[in-house]
Amino acid sequence: MSEKKLLILNQHQIEQKLDRIAYQILEDNFDEQEILIAGILPRGNHIAERIKTILDGIAPFSSKLLTIELEKQSSTLQAKVNFDVQECSNKVVILVDDVLNSGKTLAYGLAVFLDVPLKKLRTAVLIDRNHKSFPVTTDFAGVALSTVIKEHVDVVLDEDGEEDAVYLR
């Protein structure tokens with residue numbers, strides 16, 4: 001018996017949502033010289049890369065991609081980063097993930113920057129599921145979905161043989 005999957009966003013719709021998020025980031029940071037886009041591995045980083053590419057084409061400021069790898073099953077913050085966190089001091093950081101569900105992943109991602117005085121910290125997600133257990137909100141969201149807890153959102157990006165899509169199962 002196969003699981004039923006409901007298509008939420010196709011490849012074209014994902015591109016539209018990411019374009020809109022990039023323009024919102026541009027509007028929010030128009031006077032900046034540089035912003036830092038921190039993607040949470042794995043799929044949050046793919047989305048961050050795409051947003052950076054769009055911003056590189058439309059924004060007067062430069063953007064730099066940062067990568068955060070979190071141990072999501074841990075009860076304490078365990079993160080690996082590809083940058084010196086202190087270099088983020090007094091800069092704008094956009095934290096990016098694919099799906100905001102309970103908020104734990106974004107909360108851990110935000111915690112990476114707690115000891116650094118940032119100019120501004122914003123969050124961006126492709127899908128906001130509205131099931132937060134942590135006091136985390138998103139500043140830029142592609143789609144807000146009201147789902148039941150037992151449903152699962154699958155984001156397919158850059159995977160062999162499959163077109164980009166978001167499914168609810």
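Placed above this text is the structure.
Please read these numbers as outputs of a predicted model, since none were measured by experiment.

**Student:** Could you give an account of the sheet that holds strand E9 (residues 165-168), naming the residues involved and the relevant values?
**Tutor:** Across the sheet, which stays open at both edges, the three strands sit in the order E1-E9-E8 with antiparallel pairing between neighbours. Each end of this open sheet is capped by a strand with a single partner; those strands are strand E1 (6-9) and strand E8 (153-156). Between one strand axis and the next, the sheet turns through 30° on average, direction left out of account. Its contacts with the sheet put helix H1 (residues 11-28) on E1 and E9, and the angle it makes with E1 is roughly 30°.

**Student:** Before we move on, can you summarise the side chain of Ser63 with the specific residues and values?
**Tutor:** In this structure, Ser63 sits in strand E3 (residues 62-70). There is a polar contact of 3.0 Å between the side chain of Ser63 and the side chain of Asp56. Sequence-distant contacts of Ser63, defined by excluding residues within four places in its chain, comprise Ile35, Ile37, Lys52 and Asp56.

**Student:** Summarise the pairing of E9; cite the residues concerned and give the values.
**Tutor:** Residue alternation in E9 divides its side chains into two sets, Ala165 and Tyr167 and Val166 and Leu168, and both sets are buried. Pairing between E1 and E9: three bridges, direction antiparallel. What sits directly across from Leu6, in E9, is Leu168. Relative to E9, E8 is paired through four bridges, and the arrangement is antiparallel. Along E9, the bridge assignment pairs Val155 with Val166.

**Student:** Got a sec to walk through the packing of aromatic side chains? Specific residues and values, please.
**Tutor:** Under the counting rule described, the total for this entry stands at one aromatic pair. Look at Phe83 and Phe113: their rings are 6.1 Å apart centre to centre, the planes differ by 15°, and that puts the pair in the stacked class. Remark: Phe113 occurs in the loop between helix H3 (104-111) and strand E6 (120-128) and Phe83 occurs in the loop between strand E4 (79-81) and strand E5 (92-100); sequence separation between them is 30 residues. Just as Phe83 is buried, Phe113 falls in that class too. Above the plane of the ring of Tyr167 lies Lys5, whose end atom (NZ or CZ) is 4.3 Å from the centre.

**Student:** Tell me what's going on with the packing of H1 against helix H2 (residues 43-58), and back it up with residues and numbers.
**Tutor:** Helices that pack against each other are described as a pair by the angle of their axes relative to one another and the distance between those axes. Remark: H1 packs on H2, axes separated minimally by 9 Å, with the N-to-C direction vectors making an angle of 60°. By the criterion of interaxial angle, the relationship of H1 to H2 is oblique. The two elements H1 and H2 meet at a crossing, and its hand is right-handed. Contact with H1, carried on its side by Ile14, Leu18, Asp19, Ile21, Ala22, Tyr23, Ile25 and Leu26, involves Ile47, Arg50, Ile51, Ile54, Leu55 and Ile58 of H2 and no other residues of that element. Residues of the contact of H1 with H2, tallied by class, amount to 12 nonpolar, no polar and two charged.

**Student:** Which residues make up the nonpolar core, and what values go with them?
**Tutor:** Grouped together as the largest cluster of nonpolar side chains are 31 residues, with contacts concentrated most on Ile51, Leu55, Leu126 and Ile127. In this structure Ile127 touches Leu9, Asp98, Val99, Leu100, Val143, Leu145, Val153 and Val166, once residues within four positions along its chain are discounted. In this structure, Ala38, Ile40, Leu106 and Phe113 belong to the second largest nonpolar core, which totals 20 residues.

**Student:** Requested: an account of H2, with residues and values cited.
**Tutor:** In an α-helix there are 3.6 residues to a turn, and that puts residues three or four apart on one side. In this model, H2 (16 residues) spans 23 Å end to end at C-alpha, consistent with the 22 Å of a helix rising 1.5 Å per residue. Of the positions making up H2, those classed as buried are Gly44, Asn45, Ile47, Ala48, Ile51, Lys52, Ile54 and Leu55.

**Student:** Explain the sheet that holds E5 to me, and be specific about the residues and the numbers.
**Tutor:** If you walk across this open sheet you meet the six strands as E4-E3-E2-E5-E6-E7, and the pairing is mixed. Of all the strands in the sheet, the pair left with one neighbour each is E4 and strand E7 (140-144). Neighbour to neighbour, the strand axes of the sheet diverge by 25° on average, direction disregarded. One ladder, built from seven bridges, connects strand E2 (residues 34-40) with E3; its direction is parallel. Residue pairing in the sheet places Ile40 in a bridge with Ile68 of E3.

Quick notes on the rules
- Residues numbered from 1 in each chain as written.
- Predicted model: local features only at pLDDT ≥ 70, side-chain atom pairs only at ≥ 80, totals over all residues.
- Heavy atoms only, no water.
- Pairing = 2+ DSSP bridges.
- Helix = DSSP H or I, 4+ residues; strand = E, 2+ residues; numbered from the N terminus.
- Axes fitted to C-alpha atoms, helices over the stretch in contact; angles between N-to-C directions.
- Contact = heavy atoms within 4.5 Å.
- Polar contact = N/O pair within 3.5 Å; in protein donor to acceptor, adjacent residues only side chain to side chain.
- Buried < 20%, exposed > 50% of the residue type's maximum accessible area, 1.4 Å probe, protein only.
- Phe/Tyr/Trp six-rings, centres within 6.5 Å; stacked < 30°, edge-to-face > 60°.
- Lys NZ or Arg CZ within 6 Å of the ring centre and 35° of its normal.
- Parallel < 35°, antiparallel > 145°, perpendicular 65-115°, else oblique.
- Left-handed = near helix turned anticlockwise from the far one by under 90°.
- Nonpolar A, V, L, I, M, F, W, Y, C, P; charged D, E, K, R; others polar.
- Core = buried A, V, L, I, M, F, W, Y, C linked by side-chain atoms within 4.5 Å.
- Expected span 1.5 Å × (residues − 1).

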